[in-house]
Every structure is written in structure tokens, then in C-alpha cells.
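The lines below spell out each chain.
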Amino acid sequence: MATLIAEGERRHVVIMGAGPAGLTAAYELLKRDVPVTVVEKDSKQVGGLARTVEHNGYRFDIGGHRFFSKNDEVEALWTEILGPEMLNRGRLSRIYYRGRFFAYPIQAVNALWNLGPLEATWCLASYAHARLRPIKNPKTLEQWVRNQFGWRLFNIFFKTYTEKVWGISTRELSADWAAQRIKSLDLWVVIRSALLPRRRPRKRGEIVTTLIDKFRYPRLGPGQVWERVAEISASKGHPVVLGQSVASVNHADGAVTEVVTTDADGRIRTHAGTDFISSIPIRELVAKLDPPAPEKVRGAANRLGYRDFISIALMIDRPHVFPDNWIYIHDPGVRVGRIQNFKNWSPDMVPDQAKTCLGLEYFCFEGDGLWTMQDNDLIELAKNELGQLGICSPANVFDGVVVRQQKAYPVYDDNYQANVAVVRDYLAQELPNLHLAGRNGMHKYNNQDHSMMTALLVARQIATGSLLDPWKVNADAVYHENIRVGERDVTGRQVPERVPAKA
Ligand SMILES: Cc1cc2nc3c(=O)[nH]c(=O)nc-3n(C[C@H](O)[C@H](O)[C@H](O)COP(=O)(O)OP(=O)(O)OC[C@H]3O[C@@H](n4cnc5c(N)ncnc54)[C@H](O)[C@@H]3O)c2cc1C
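Scope of this entry: the structure provided in the associated data block.

So, how was this worked out
Residues numbered from 1 in each chain as written. Predicted model: local features only at pLDDT ≥ 70, side-chain atom pairs only at ≥ 80, totals over all residues. Heavy atoms only, no water. Near = heavy atom within 4 Å. Polar contact = N/O pair within 3.5 Å; in protein donor to acceptor, adjacent residues only side chain to side chain. Areas by Shrake-Rupley, 256 points an atom, 1.4 Å probe, with all protein chains shown as cover. Nonpolar A, V, L, I, M, F, W, Y, C, P; charged D, E, K, R; others polar. Pairing = 2+ DSSP bridges. Helix = DSSP H or I, 4+ residues; strand = E, 2+ residues; numbered from the N terminus. Axes fitted to C-alpha atoms, helices over the stretch in contact; angles between N-to-C directions. Salt bridge = Lys/Arg side-chain N within 4 Å of Asp/Glu carboxyl O. Buried < 20%, exposed > 50% of the residue type's maximum accessible area, 1.4 Å probe, protein only. Core = buried A, V, L, I, M, F, W, Y, C linked by side-chain atoms within 4.5 Å. Domains from an automatic or database assignment. Contact = heavy atoms within 4.5 Å. Expected span 1.5 Å × (residues − 1).

## Remarks on the site of the ligand
In the vicinity of the ligand, 33 residues are found, and the nearest of them are Ala21, Glu40, His65, Arg66 and Arg439. Here an oxygen atom of the ligand and a side-chain polar atom of Glu40 are 2.6 Å apart. Across the complex, the protein chains shield 93% of the 1000 Å² of accessible surface that the ligand would expose by itself. Here the shell around the ligand is built from residues that sort into twelve nonpolar, 15 polar and six charged.

## Looking at the sheet that holds strand S11 (residues 268-272)
Read from one edge to the other, the open sheet built from four strands follows the order S11-S10-S9-S13, with strand pairing classed as mixed. At either end of the open sheet lies a strand with only one pairing partner, and these are S11 and strand S13 (289-290). Both strand S10 (residues 255-262) and S11 contribute to a ladder of five bridges, which runs antiparallel. When the bridges of S11 are listed, Val260 appears paired with Thr270.

## Thoughts on the sheet that holds strand S17 (residues 356-364)
Spatially, the seven strands line up as an open sheet ordered S7-S6-S15-S16-S17-S14-S18, and their pairing is mixed. Of all strands in the sheet, those with a lone pairing partner are strand S7 (100-103) and strand S18 (397-410), marking the two edges. Sheet twist, expressed as the mean angle between neighbouring strand axes with direction ignored, is 25°. By the bridge criterion, four bridges tie strand S6 (residues 93-97) to strand S15 (residues 326-329) in an arrangement that is parallel. Each residue of the ladder has a partner; that of Arg94, found in S15, is Ile327.

## Section: the pattern of salt bridges
Counting across every chain of the model gives 24 salt bridges. The partner of Glu142 in a salt bridge is Arg171, with the nearest N and O atoms 3.2 Å apart. With Glu142 in helix H4 (residues 141-149) and Arg171 in the loop between helix H5 (151-166) and helix H6 (176-181), this residue pair connects regions lying 29 residues apart in the sequence. In this structure, Asp375 engages Arg404 in a salt bridge whose closest nitrogen and oxygen atoms are separated by 2.9 Å. Remark: Arg404 occurs in strand S18 and Asp375 occurs in helix H11 (residues 375-388); sequence separation between them is 29 residues. Accessibility expressed as a relative area gives 33% for Asp375, which makes it partly exposed. Several salt bridges converge on common partners, so that one network encompasses Glu28, Arg32, Glu73 and Arg460.

## Considerations on the nonpolar core
If you look at the biggest cluster of nonpolar residues, it comprises 80 residues, and the most contacted ones within it are Met16, Leu427 and Leu434. It is H5 that provides the largest number of residues to this core, a total of eight residues. Among the domains, domain 1 (13-46 + 240-302 + 413-472) and domain 2 (106-195) are the pair contributing at least three residues each to this core. Non-local contacts of Leu427, meaning those with residues more than four positions away in its chain, are made with Leu285, Leu289, Pro432, Leu434 and Leu436. Of all hydrophobic cores here, the second largest spans 40 residues; its members include Ala26, Met86, Ile462 and Val473.

## Examining helix H10 (residues 295-302)
Among all positions in H10, only Val297, Gly299, Ala300 and Ala301 are buried. Looking at the buried side of H10, the elements it contacts are helix H9 (282-288) and helix H12 (416-430).

## What about helix H14 (residues 448-464)?
Taking 1.5 Å of rise per residue, 17 residues should cover 24 Å, and H14 covers 24 Å from first to last C-alpha, within 8% of that figure. Burial within H14 is extensive, with 15 of its 17 residues counted as buried. Gly465 sits one or two residues past H14 and shows a positive phi near 80°.

See the structure below:
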């Protein structure tokens, strides 16, 4: 909702969080001569989940970040910010399972060939059995995929990775996600399509984002874009305030008046403004409102869940380890879920071309066994798993560093939409000068382009009174007037959900 402000009144926007959403909002507002203050809890760098971490000259992402959008405005913005520093990259990513590499997206002939004659025969027999005796009305993800591919292929290509990412058994995940995402795909369709020539997508909109094979990538990693935006902001007199965590969001008479932040030493700063944008997690924002939000709103915010993430960067004394940008690890014997090879994203991610930097990714919950492990133990785990997988000898690893990332994924459970709606409605009615944008800011499991587009629309609401609603930006970062706000699978990326209790 646009905020009404008296003519001639000077606006000043306080932005919480210097990730892609917060910095895009700042960039847009500064272009329109609206002054901003961006506060960020990280004491060293901007970029949020899309930051690039540097360790002894080696650069790595929190998960590899592909730059691709169906929204031309977002693509143009990346070009405007970084120009020729945005590289065009090709994608190679494969699945690793029991010592073999499988093409991803899955190709039937490649998969069956790699499995070897005996396992391939078992897989085909298990597929035939599944087709002859399908599970009626499949309710779980496991049952649904088993019907389409057979047990054996399900176990190899679907079970372990899905369970690693979501931390939930495929027996507890609802069939809906697979049914919507994989739709009418089964093994026979995969084989048939492998034998027929493939039609290239004619339009950008036809491309399935998760399967794109060409994308852009900043020469020095995704953080380069956001560091550049922070530089531009500073050059206009508005440096990002680093190392300041939002401690309270004070409001009075139906409007937020100021944001209070603290640094690691407890020093307090107050940031007054006319308008406020939050890209920090909804759960945190609501907890910081002062006076507190009603019990119902606090309860709804508290029920929002998150999945956390650990990235372990290992520096390897070898020029080449594997040719992929990343590999999905389906092997059930190891805990690592994905391995990035940052040099294959951009050669300048390593300071010495004779070396390699791998990022081993572990999906977890804050406070669980992995999260609480000592850094040295995590590095040992990652080294040993590299050796166990036969990817590289632990002896080749000469350095390592651990990055823990809280709230990497907003969780879509049965009630998340209702919980977000309670918070959103409350804020829209009671505090219309407080705007939400971005991934955890809106609790949307989407890519950077979505965060950026929502931030652009919020900035324009503030600067121009535009009525375009950021909640109507879909998972592809495209604005759709006819979206029924809150509609599942339209404004947020599809993710698996638990089987409903009644099932
Ligand atoms: C593993 C992984 C892989 C990904 N891959 C891709 C990809 O290939 N392509 C792509 O486009 N996107 C990808 N993404 C998504 C992308 O990272 C996010 O969409 C994007 O970073 C969201 O931007 P944001 O500004 O909304 O949120 P964030 O990046 O989360 O930024 C929020 C900022 O707020 C700050 N903050 C939080 N709490 C406070 C507080 N109390 N006070 C002050 N500051 C605070 C945080 O430190 C952070 O800097 C990936 C994400 C992950 C986790």
C-alpha cells in the first residue's frame, strides 16, 4: 500500500538488510533522489545470501548463484551495475551416485548405461512392476515417484537428495510437489524424449529456470554485484551501516518512527525515517516491533520455519578436480548434498590457477548435530567425504573454512501462507509505512530476481506512489495483476510439503 505523505515533505527511507532486496531498493530510491539508510547486521560485507565470502584470496558463494531471470528489467539491472564484469557461462552439473556420474537433467540412456547391465535390468524390471501394479491414489512423494519410475530408480535419483535437502523422509512428503513439478513424466517419457530430437525453447518464458544451461555470473562471484551497489550508495553519501543488527522497530500513532540497532559491543544507534523497508526474516521483524504486535500476530510470525545451511570451502592443491559447476551427491553413505567447484563458475574465484576451491554443502537445522559441530571437525568430515566419494584425496586439501548460514530457506509448511497473511494484513493496516521485500522478508523461497523485483516495486511505491503490489510478483519475478495474492505455487517456488495429517 502506498503511504500518503504531505506534499513537499522530504522522505528518508530506512532499509533493514543489505542483501539483494535491500540494496536494490536503495539503488532505485537513490536514482530517484530519495535518501536512504541501509542497516546490515553483518560487520564485514553486504550481499546477504548472495554474498561472496573471501578466505586467503579464495572466493566462494553460499551455494553457487546463477544469474538468470525471465524478467528483462532484472537482467538489464545486472548489466547496468556490473557491465562486462557479468560473464556468460555454460552449465555442467551431474549427479554422483555410487562412484558414477549421471547427466543432470536425467537422460534415460545415460542413466541406464551408467548403472551397468545388471542394475539397469533391475531398474527396468522394477519400472515394469510399478506400471503393472501401481499404488492406487499415491499420497506420498515416495509412492508417486515409484509409480512413475519404479522403486530402484526412485532410490537412486529421488530419495537421498530430497531427504538431504529437506530433512524429512520422502514417506512424509506429500505427492503434490512431484506431481506438479514432474507432471506427466515417467521413465518411458524420458526414454522416448531421449530418442527424439529436442525442441529448443522459443521464448525466454518457456525455459524451466532450474534446467537452464546458460546463465550469467559475476567475474568475482555474486557478492561483486552487491558490493558495487554498496559503493554506488556510498558515493552518493549513503554508506551501508555495517555491523548493526536491528534491535527494535519503534512505532507510534500508526506509523514506524525509527529503527534502533546495536553492534557487537552493544552500542546503540537510532535511525529515524519516513518510510521503512524490511528484508530481514519476518519472524525477527515482528519480534522487534515496539510496542509489541498483538499475540495473534507474534504467534503467526513465530510459527514460520527455516532450513539452515553449512558451506565448507576446501582449497585443493590440484588445478582440476572435476569439470562441473556443481555435482549433486545422491550417495546415501555421505552427508554432503552438493559440491560446487567455484573455479568453473569463474576462473577469478581462485588466486592461483594451479589450485581449486570446492564448496561442500550440508543442509541442516540450526542447533542440530551438524550445526553445532566444531569447525575443525566439519572440515575433517568434508575432507573425508571427498575421499570416500573418490573425488579427491584428503591429502590434497591444504586449507578449509566453514560458513554457517542461518535461515537459508524459508520453510513452506501447511500453515505458512496463513501465518504470513496474518502478519501482512496487520502491518498493512496498522503500520502502512513499513514495507516488506525479499526472500525471508516476505517468506518466499525464490531466487535473487524475485527479491530484486519486489524491492523495486516497494521503492517505487514509496518514491512515486505506484500501486503495483510486490505480492503479485511470481516465482519467475514477473508481475501478474491477476494473481490471487497468497495463491500457492504462483508467487512462490514449489517445494515439497508434508503429507496432510488426515492422509
Ligand atoms: C544455497 C543457495 C543457493 C542459491 N542459488 C541461487 C541462484 O543460483 N540464483 C539466484 O538468483 N538466487 C539463488 N539463491 C537465492 C538468493 O540468495 C536469494 O534469493 C537472495 O539472496 C535474497 O535476497 P534478500 O535480500 O531478499 O535476502 P538476504 O540475502 O537474506 O538478505 C537479507 C539481509 O538482511 C540481513 N539481516 C538479517 N537480520 C538482520 C537484522 N536483525 N538486522 C540487520 N540486518 C539483518 C542479513 O544479514 C542479510 O544481509 C540461493 C540461495 C541459497 C541459500
